[in-house]
There are 2 protein chains.
Amino acid sequence: MPHKQQHIVDRLQEKIKNKRNPCIVGLDPVITLMPTYIVKNPSGYKNPLKAVSDTIKTFNKLIIDCIADIVPCVKPQMAFYEQYGSYGLEAFEETVQYAKRNDLIVIEDAKRGDISTTATAYANGHLGEVDIYSNISLPSLDVDLVTVNPYLGSDSILPFAQVCEKYGKGIFVLVKTSNPSSYELQNRVVDSNISIYEIVANFVNKIGKKYIGKKGYSAIGAVVGATYPEEARKLRSLMPNTIFLVPGYGSQGGKAEDVVPCFNKDGYGAIVSASRSILYAYRDTQYKNRFKPSEFYLAAREAAINMRDSVVNTLQKNGVLAGW
Amino acid sequence: MPHKQQHIVDRLQEKIKNKRNPCIVGLDPVITLMPTYIVKNPSGYKNPLKAVSDTIKTFNKLIIDCIADIVPCVKPQMAFYEQYGSYGLEAFEETVQYAKRNDLIVIEDAKRGDISTTATAYANGHLGEVDIYSNISLPSLDVDLVTVNPYLGSDSILPFAQVCEKYGKGIFVLVKTSNPSSYELQNRVVDSNISIYEIVANFVNKIGKKYIGKKGYSAIGAVVGATYPEEARKLRSLMPNTIFLVPGYGSQGGKAEDVVPCFNKDGYGAIVSASRSILYAYRDTQYKNRFKPSEFYLAAREAAINMRDSVVNTLQKNGVLAGW
């Protein structure tokens, strides 16, 4: 049976308002960037992948403990868990549950994309419930929102939208990604006047209309990179009811000014994500004189606060009213 | 340390030749389609997801035992494992190892797509080796080839290509997919004369040149749906050294005639995949009078033989020389 909850983006906005922060932290565990003291030696383990799984759990819990009162959500990047197979997914599952217990919304960055029954399997596994036995289904990965790739067309998105409606969950469809070569397909212009990313935006806007919450935003969101403010401006007007997940801040070069066009005048409409610049701040010249490697989570907390202050101040300066 | 092996597509062609069969079986475990006797009752399990995991292992092993002498590869669709989280991945891992022990090549249908270090994490996890501890790395999911989504552009493909070169593995890039709405983005025409799928094809052809094996085919392959023979003809000439993974045969409506344009005159250049029409053949009117549900794997074997014969006969009739 579906456990229908409050509309996911209404919940998200409530948290943004309460914490006065539209910035989120990506949970991308990379053992070679972690302080060495925290990385488990596999020699004490039957399976070395279990050592990594335990390292990731410990690392993520310390990070979550230190940022849960500051940020509305966390965004685990599935690749960094999945690469360790079933042991990695076990760490992912425990991270998701721990974040939820700490009252955080969980956005899984998975960029899944497939068709018909396969898309439904992904949607049910990540957001809904999976078949266990005749007439028994249960939640599995059970995140709140997941990122989705549109290359296969609308029949790769609609199964996700249906599962979102049934279980009160949401998705972010890749529209304009933050990476340098995103222009190769996404910015190609067809019929002399519309680009591929605008076609995807129009589609997101259209199907999103069916899933709008009380606060005016849809459960069908869009990924729009912080590194392309020009495109963001255009996309903001093409998708007025769409919440943008904005990656590329920090390590990828996106600055506070660059994310302003992603917001609506109400101060909502976007969440800005940073991963490495927060998690591994203790390695950064700005922090490393003041924090020991064993205090990495305190450096992460300070970096998360600095990011929040920088983004919020810039939004206010630019007349984006912090309704929150 | 990388375990560099024989070029993956050379290995694949050897198997196609030895078995005189370019058809492969997709391993898409769906418990509601399996005979009820094989589906484990979760009441005897501490975790109900473990029951499903055990069901999938049993089902896949029976299928593999029955087709290993007929087909060159199996193609597990990750969605049907991943939906069950870490327990599902455990079943995936055991399936991959079992298929390899039975001398089958494993193509993972995962359609992953991400950028830079995230793409590298996916590539290392699925095809290469993952970091465990300082100076220790080990293979993880360790499949032979994986499908990749190009929406993010070349910087989402190149990290996979590098891992393929290092570990003797391969990928199939989605070019023209088999689903009805694949035209929405893939067939859009830019600059008045080239479609998005052709842009992807040109890119696949170009980077693939670096990774060509002794038999003339690249480790960088392409997904080209059986349901679009017109496009396949065009793509065959745009990508002469590329092996096509051709889904959509059977359940999705692709027929033996439709896959002919995917092959080169040497009889190589494509592998044709079917999943449900083989795995669940025992439910089909063509087989269900002769096979009991408990003989589902025998029905699957016969369906796999029928598919092979149908495709091979059609190729021969159409002057595609069975070099194998």
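Everything that follows concerns the structure shown earlier in this document.
Keep in mind that this is a model prediction, so the values were computed, not measured.

Asks: Let's hear about the overall build of chain A: which residues, and what values?
Replies: In terms of helices and strands, chain A carries 13 helices and 12 strands. A compact globule built from 324 residues would reach a C-alpha radius of gyration of about 20 Å, and chain A, at 19 Å, matches this within 12%. For chain A, the spread of C-alpha atoms along the three principal axes comes to 60 × 55 × 40 Å. Classification of the 324 residues of chain A by burial places 64% in the buried group. Within chain A, counting contacts between residues at least 6 apart in sequence, those at least 24 apart form 73% of the total.

Asks: Go over the packing of helix α2 (residues 48–67) of chain B against helix α13 (residues 296–317) of chain B with me, naming the residues and quoting the values.
Replies: Residue and element names in this part refer to chain B. Running from N to C, α2 and α13 point in directions that differ by 45 degrees, and their axes come no closer than 9 Å. In this view, α2 runs oblique relative to α13, as classed from their interaxial angle. Classified by chirality, the crossing of α13 by α2 is right-handed. Facing α2, whose interface residues are Phe-59, Leu-62, Ile-63, Cys-66 and Ile-67, α13 presents Phe-296, Tyr-297, Leu-298, Ala-300, Arg-301 and Ala-304.

Asks: Pulling in residues and values, what's your account of the sheet that holds strand β2 (residues 73–76) of chain A?
Replies: Residue and element names in this part refer to chain A. Pairing is parallel in the closed barrel, where eight strands are placed in the order β1-β2-β3-β6-β7-β10-β11-β12. Going across the sheet, the axis of each strand differs from the next one's by a mean of 30 degrees, ignoring polarity. Relative to strand β12 (residues 270–274), strand β1 (residues 23–27) runs parallel, the two sharing three bridges. Residue Val-25 lies in a different strand from β12, and its bridge partner there is Ala-274.

Asks: Describe in detail the relation of the copies chain B and chain A, supporting the description with residues and values.
Replies: With an RMSD of 0.0 Å, chain B superimposes on chain A once it is rotated by 180 degrees and translated 0.0 Å along the axis. These values place the two chain copies in the arrangement generated by a two-fold rotation axis. In this assembly, 100% of the residues forming the interface of chain B have copies in chain A that are likewise at the interface, indicating an isologous arrangement.

Asks: Tell me about the interface of chain B and chain A, residues and numbers included.
Replies: The figure often quoted for interface size is the accessible area lost as the parts come together. Across the contact, 70 residues belong to chain B and 70 residues belong to chain A. Surface buried jointly by chain B and chain A totals about 5,700 Å² across both partners, of which 58% is contributed by carbon and sulfur atoms. Viewed at the interface, chain A and chain B are joined by six salt bridges. Across the salt bridge formed by A:Glu82 and B:Arg112, the nearest N and O atoms sit 2.8 Å from each other. Summed over the shared surface of chain B and chain A, the result is 35 residue pairs in polar contact (both at pLDDT 80 or more). In terms of residue count, the dominant contributor to the side of chain B that touches chain A is helix α5 (residues 116–126) of chain B (six residues). Considered class by class, the residues forming the side of chain B that touches chain A number 34 nonpolar, 22 polar and 14 charged.

Asks: Describe the pairing of strand β5 (residues 136–139) of chain B, with residues and values.
Replies: Residues and elements named next belong to chain B. The sheet contact formed by strand β4 (residues 129–133) and β5 spans four bridges and is antiparallel. Within the sheet, the bridge partner assigned to Glu-129 lies in β5 and is Pro-139. Turn length for the β4-β5 hairpin, with the two strands adjacent in sequence and antiparallel, is two residues, and the turn residue Asn-135 shows positive phi of about 65 degrees.

Asks: Go over the packing of helix α8 (residues 196–208) of chain A against helix α9 (residues 229–238) of chain A, please, and point to the residues and values.
Replies: Working note: a packed helix pair is described by the angle between its axes plus the distance between those axes. All names here are of chain A. Relative to each other, α8 and α9 sit at 30 degrees, their axes nearing to 10 Å. Looking at the two axes, α8 sits roughly parallel to α9. Crossing angle aside, the handedness with which α8 passes α9 is right-handed. Taking contact as the criterion, the partners of Tyr-197, Glu-198, Ala-201, Asn-202 and Asn-205 in α8 are, on α9, Glu-231, Lys-234, Leu-235 and Leu-238. A class-by-class count of the residues in the contact of α8 with α9 yields four nonpolar, two polar and three charged.

Asks: Quick one: what's the story with the sheet that holds strand β6 (residues 145–148) of chain B, residue by residue and with numbers?
Replies: Residue and element names in this part refer to chain B. As summarised here, the arrangement of the eight strands in space is β1-β2-β3-β6-β7-β10-β11-β12, forming a closed barrel in which the pairing is parallel. Ignoring strand direction, the axes of neighbouring strands in this sheet form an average angle of 30 degrees. Pairing of strand β10 (residues 220–224) with strand β11 (residues 244–246), which is carried by two bridges, proceeds in the parallel orientation. Within β11, the position partnered with Val-223 by the bridge is Leu-245.

Asks: Describe the pairing of strand β7 (residues 170–176) of chain B, and please don't skip the residues or the numbers.
Replies: All names here are of chain B. With respect to burial, β7 is a largely interior element, seven of its seven residues being buried. In this sheet, β7 lies alongside β6 in parallel orientation, the contact comprising four bridges. Looking at the pairing, Val-148 lines up with Val-173 of β7. Between β6 and its parallel partner β7, the chain crosses via helix α6 (residues 158–167), and the hand of that crossover is right-handed. Both β7 and β10 contribute to a ladder of five bridges, which runs parallel.

Thresholds applied
Residue numbers restart at each chain and count upward from 1, following the sequence in its written direction. A letter from A marks each chain and a number from 1 marks each ligand, given out in the order of writing. Only residues with pLDDT of at least 70 are given local features in this predicted model, and only at 80 or more are side-chain atom pairs given and counted; all residues enter the totals for whole chains, interfaces and linings. Side-chain metrics in this entry use all non-hydrogen atoms of the structure; hydrogen atoms and water are not considered. Per the convention used, a helix needs a DSSP run of H or I reaching at least four residues, while a strand needs a run of E reaching at least two, with both numbered from the N terminus. It is over C-alpha atoms that the radius of gyration is taken, and the globule rule equals 2.2 Å times the number of residues to the power 0.38. The rule is simple: take the accessible area with a 1.4 Å probe, protein chains only, and divide by the maximum for that residue type; under 20% is buried, over 50% is exposed, in between is partly exposed. Contact between two residues is taken to exist if any of their heavy atoms lie within 4.5 Å; hydrogens are not considered. Note on method: axes are straight lines fitted to C-alpha atoms, helices fitted across the in-contact stretch only, with angles between N-to-C directions ranging 0 to 180 degrees. Here the angle decides the label: under 35 degrees means roughly parallel, over 145 means roughly antiparallel, 65 to 115 means roughly perpendicular, and every other value means oblique. Two helices that cross are described as forming a left-handed crossing if the nearer one is turned anticlockwise from the farther one by less than a right angle, and a right-handed crossing if clockwise. The pairing criterion for strands is at least two bridges between them, as found by DSSP. Least-squares superposition of the copies uses the C-alpha atoms of those residues scoring a pLDDT of at least 70 in each of them. Buried area: the accessible area, evaluated with a 1.4 Å probe, that two parts lose upon being put together, summed over both parts. Counted as salt bridges are all cases of a side-chain nitrogen of Lys or Arg within 4 Å of a carboxyl oxygen of Asp or Glu. Under this definition, polar contacts are N or O atom pairs within 3.5 Å; protein pairs additionally need one hydrogen-donor-capable and one acceptor-capable atom, and for neighbouring residues in sequence, both atoms have to be side-chain atoms. Side-chain classes are defined by residue name, with Ala, Val, Leu, Ile, Met, Phe, Trp, Tyr, Cys and Pro counting as nonpolar, Asp, Glu, Lys and Arg as charged, and the others, Gly among them, as polar. When the strands point away from the viewer, a crossover counts as right-handed if the path from the first strand over the helix to the second runs clockwise.

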